[in-house]
Amino acid sequence: MTLDFHPEHPWLMAVGFYDGGVAVYNLRDKTNEPSYSSSAKNGKHTDTVWQVYWQENDLDNNLNFFSISSDGRVTCWSLIKNELHNTDIILIRLDTRTEPDPGAGGLDLACGTCFDFHKFTDYLFLVGTEEGKIHKCSKHYSSQYLDTYNAHHMAVYSVRWNNFHPRVFASCSADWTVKIWDHNYSEPMFTFDLGNSVGDVVWSPYSATVFGAVTDDGQVHIFDLSQDKYVPLCQQSVVQKKKTKVNHLAFNKHYPVILVGDDRGNALTLKLSPNLRKCLKDKAYSRENEIAKMEKLLELVREPTEEADK
């Protein structure tokens, strides 16, 4: 269902499965068997794993990754010797106003669908749920959320922190919308209705204001908020067959290329036209400039009363 390559050891691939299992494959090995795998004995998820994500090594310098599942658990898996050891970081509860009920047998847990970790604050992460809520969480607090956003009317399929601005994140949902948020506010800064279920939203690695999204009608949408705050710069169908759903998108970090995946198992490589990309060697390009560009947009859409309250 999902995979993630380790950023420093690209031959290590963490994988999440439909049956709730997770595994780590070493691509340098000549075998097709995983080097590490979960089982019922070591805390395997009881429902589909929707996302896995490598983290910095723990205090004992062990490799580790996180997983999120429909069973309501966000779990950390550490690679220790020849085994996977797990720790539940947070349990996603349906009703945050009541204390967890040990006798509920997991029936009080919400279905986790996606997560993302803050680019600059290691302990901070977001969790999206099938109920449409987004929870802001900390690795240091396993029993409560830092904040909850009533973000969407249907399942949240993706949440992504901005690669430049530390307060901004994006979300997308089966309710046809993409929303841009400042995590200090309970309401979105921008909302875009794409006319179909949105499978993924991804920020570009070269601009704080550029993001892409893919929809169930087989289309890719590329936005640049600094150029147009209302409509995409590009909206293009990329599927060969009708009724093919595009559900994943990734930007290449070094080249003007995006990778698109669909529900038929196909992966398509597309090159961005010159008006949709920016040269990273541009003298004006810097993280500070990108943050300022996004901050200017946020100031335009905030209400004066909100600014006064802050």
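Placed above this text is the structure.
What counts and what doesn't
- Residues numbered from 1 in each chain as written.
- Predicted model: local features only at pLDDT ≥ 70, side-chain atom pairs only at ≥ 80, totals over all residues.
- Heavy atoms only, no water.
- Helix = DSSP H or I, 4+ residues; strand = E, 2+ residues; numbered from the N terminus.
- Buried < 20%, exposed > 50% of the residue type's maximum accessible area, 1.4 Å probe, protein only.
- Polar contact = N/O pair within 3.5 Å; in protein donor to acceptor, adjacent residues only side chain to side chain.
- Contact = heavy atoms within 4.5 Å.
- Patch = residues over 30% accessible without salt bridge, like charges linked within 9 Å, V, L, I, M, F, W, Y side chains within 5 Å.
- Areas by Shrake-Rupley, 256 points an atom, 1.4 Å probe, with all protein chains shown as cover.
- Salt bridge = Lys/Arg side-chain N within 4 Å of Asp/Glu carboxyl O.
- Core = buried A, V, L, I, M, F, W, Y, C linked by side-chain atoms within 4.5 Å.
- Expected span 1.5 Å × (residues − 1).
- Arc of directions from axis to C-beta.

Chemist: Sorry, what's going on with the side chain of threonine 177 here?
Modeler: Note that threonine 177 resides in strand β15 (residues 177-182). Classification of threonine 177 as buried rests on a relative accessible area of 11%. A polar atom in the side chain of threonine 177 sits 3.1 Å from the side chain of histidine 152. A polar contact is formed between the side chain of threonine 177 and the side chain of aspartate 175, at a distance of 2.6 Å. Each residue touching threonine 177, except ones within four places of it in the same chain, is listed here: His152, Ser171, Cys172, Thr191, Phe192, Asp193 and Val198.

Chemist: Which parts of the structure should I look at to understand a nonpolar patch on the surface?
Modeler: Residues Met1, Tyr18 and Trp50 make up a contiguous nonpolar surface patch of about 370 Å² in total accessible area. Position of tryptophan 50 relative to the elements: it lies in strand β5 (residues 49-55). On the basis of relative accessibility, which here comes to 34%, the residue tryptophan 50 falls in the partly exposed class.

Chemist: Help me understand the nonpolar core, please; the structure alone is not making it clear to me.
Modeler: With 22 residues, the main nonpolar core has Val178, Ile180, Phe192, Phe211, Leu225 and Met294 as its most contacted residues. When contributions to this core are tallied by element, the ones reaching two or more residues are β14 (168-173), β15, β16 (190-193), β17 (198-203), β18 (210-215) and α1 (287-301). Residue contacts for phenylalanine 192: discarding those within four places in its chain leaves Trp176, Thr177, Val178, Ile180, Phe211, Phe223, Leu225, Lys229 and Tyr230.

Chemist: Teacher, can you tell me more about α1 here?
Modeler: Side chains that are three or four residues apart share a direction in an α-helix, a result of its 3.6 residues per turn. In this model α1 runs 22 Å from its N-terminal to its C-terminal C-alpha over 15 residues, within 8% of the 21 Å that 1.5 Å per residue would give. Residues of α1 that are buried: Glu290, Met294, Glu295, Leu297 and Leu298. Taken down its axis, α1 places every buried residue within 160 degrees of arc, on the same side. Those residues of α1 that are exposed and angled more than 90 degrees off the buried face are Glu288, Lys296 and Leu300.

Shape is all these values report; function is a separate question.
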